[in-house]
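Per-entry structural report
Chain by chain, the residues:
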Amino acid sequence: EAYRALAEHLTARRDHAALVAIAENALQAAPPDEHGARLEEIAELYDKRLGDVAGAVDAWRRRIAVGPSDRADGELRRLKIKEQRWAGMVAQLEKERELAVSPDVRAEVLRRLGQVHRERHDLDKARQLFADALELRPTDPSLFRTLGEIAELEGRFDELAGLLRRQYRVAKERVEKLNLLR
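Reference entry: report on the structure contained in this document. (Residues numbered from 1 in each chain as written. Predicted model: local features only at pLDDT ≥ 70, side-chain atom pairs only at ≥ 80, totals over all residues. Heavy atoms only, no water.)

1. Observations concerning the overall build of the protein
Applicable threshold: Each helix is a run of H or I in the DSSP string that is no shorter than four residues. Each strand is a run of E no shorter than two, and both are numbered from the N terminus. Every radius of gyration here is taken over C-alpha atoms, with the globule rule written as 2.2 Å times N^0.38, N being the number of residues.
Looking only at helices and strands, the protein features ten helices and zero strands. Going from the N terminus to the C terminus, the protein shows its helices and strands as α-α-α-α-α-α-α-α-α-α. Its C-alpha radius of gyration of 21 Å places the protein more than 25% over the 16 Å reference for a compact globule of 182 residues. Each of the three principal axes of the protein carries a C-alpha extent, and together these read 60 × 40 × 20 Å.

Take a look at the structure:
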């Protein structure tokens, strides 16, 4: 009961890393006949909440070590295909980045590449790519907004405040400035 309440609290706070840590600890305390179900839950947390494919693969492999599982076999195949797809997309965007000549096209490729890394939950890389795009398009509100969302998600409120101040300084329209002050 306490585990469920804590899990709900951490889910509401979107603190998925802490949720995984709690689930891993609960696994250690669980009776052996519950290990399979708990490992499936952990694998789903890694995959769906954290976007950590390596962590999900490890949890599914640990699930198979507990006993045979068609679901775990299927999930491992799916994750392998997913990782190959992400790698192909990143490689394609990296080629586009190399070929981009104009700053605007390069900024757009950096934005798209940043979005891929954001979706993979590689927030450090995503933040850097979006910041590089912002250097090329210093007045793009969507880049400020995305960097702000990442900063807020990670609890970097000083960084978020700095981004909002910068965006306010470069905003051209009065309506945009008023919206930023809300």
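Past the structure itself, the notes keep going.
2. Observations concerning the pattern of salt bridges
It is possible for side chains bearing opposite charge to pair when their charged atoms get close. Selection criterion: We define a salt bridge as a side-chain nitrogen of Lys or Arg found within 4 Å of a carboxyl oxygen belonging to Asp or Glu. Only protein chains enter the accessibility calculation, which uses a 1.4 Å probe; a residue is then buried when its area is under 20% of its type maximum, exposed when over 50%, and partly exposed in between.
If you walk through the whole model with that rule in mind, you get 23 salt bridges. Between E159 and R156 there is a salt bridge, with the nearest N and O atoms lying 3.2 Å from each other. Residue classification places R156 among the partly exposed positions, given a relative accessible area of 36%. One connected set of salt bridges, linked through shared partners, spans D47, K48, E75, R78 and K82.

3. A few points about the layout of surface pockets
Inclusion rule: Within this scheme a cavity is a closed region of a 1 Å grid, computed over the protein atoms alone, that accommodates a 1.4 Å probe without allowing it to escape, whereas a pocket is open but has protein on both sides within 12 Å along at least five of seven lines; lining residues each have an atom within 4 Å of a point. Grid points are joined across faces, edges and corners, and a volume is the space filled by probe spheres set on the points. Classification used: nonpolar for Ala, Val, Leu, Ile, Met, Phe, Trp, Tyr, Cys and Pro, charged for Asp, Glu, Lys and Arg, polar for all others including Gly.
Of the pockets and cavities examined, the largest pocket occupies roughly 460 Å³. What lines the largest pocket is a set of 13 residues, and nearest its centre among them are R14, H16, H121, L123 and L153. Sort the elements by how many residues they give to the lining of the largest pocket and helix α8 (residues 141-153) lands first, with three residues. By residue class, the composition of the lining of the largest pocket is four nonpolar, two polar and seven charged.

4. Quick notes on helix α6 (residues 103-119)
Under the convention used in this document: In a helix, the anticipated span is given by 1.5 Å times the number of residues less one. Residues are treated as being in contact if the distance between any of their heavy atoms lies within 4.5 Å.
Here α6 is 17 residues long and its end C-alpha atoms lie 24 Å apart, about the 24 Å a rise of 1.5 Å per residue gives. Listed as buried for α6 are A107, V109, L110, L113, G114, V116 and H117. The elements touched by buried residues of α6 are α5 (70-99) and α7 (123-136). Positive phi appears at H121, one or two residues downstream of α6, with a value of about 65°.

5. Some points on the packing of helix α4 (residues 53-66) against α5
Stated precisely, the cut-off is as follows: Axes here refer to lines fitted to C-alpha atoms; in helices the fit is confined to the stretch in contact. Angles between the N-to-C directions go from 0 to 180 degrees. Roughly parallel means an angle under 35 degrees; roughly antiparallel, over 145; roughly perpendicular, 65 to 115; everything else is oblique. Crossings are classed by handedness, with left-handed meaning an anticlockwise turn of the near helix from the far one by less than a right angle and right-handed meaning a clockwise turn.
Remark: α4 packs on α5, axes separated minimally by 9 Å, with the N-to-C direction vectors making an angle of 160°. By the criterion of interaxial angle, the relationship of α4 to α5 is roughly antiparallel. The chirality of how α4 crosses α5 is left-handed. Residues V53, A56, V57, W60, R61, R63 and I64 of α4 touch α5, and the partners they reach there are R71, A72, D73, E75, L76, L79 and E83. For the contact of α4 with α5, the residue count by class is eight nonpolar, no polar and six charged.

6. Some details on the environment of V66
Positionally, V66 belongs in helix α4. Under the relative-accessibility criterion, V66 is labelled partly exposed at 44%. Along the sequence, V66 and L39 sit 27 residues apart, while their C-alpha atoms lie 9.1 Å from each other.

7. Quick word on the side chain of S69
The condition that has to hold: Think of a polar contact as two N or O atoms within 3.5 Å of one another; within protein, one of them needs to be a possible hydrogen donor and the other a possible acceptor, and neighboring residues in sequence only count if both atoms come from side chains.
Relative to the elements of secondary structure, S69 occurs in the loop between α4 and α5. A polar side-chain atom of S69 sits 3.0 Å from the main-chain amide nitrogen of A72. Those residues in contact with S69, other than ones at most four positions away along the chain, are E40 and R63.

8. Focus on the packing of helix α9 (residues 157-170) against helix α10 (residues 174-181)
Think of two packed helices as two axes; the pair is described by the angle between the axes and how far apart they sit. At a minimum axis distance of 9 Å, the contact between α9 and α10 shows a crossing angle of 160°. In terms of axis orientation, α9 runs roughly antiparallel to α10. Viewed along their axes, α9 and α10 form a crossing whose handedness is left-handed. Only E176, K177, L180 and L181 of α10 make contact with α9, whose side of the interface consists of L164, Q167 and Y168. Split by residue class, the contact of α9 with α10 holds four nonpolar, one polar and two charged.

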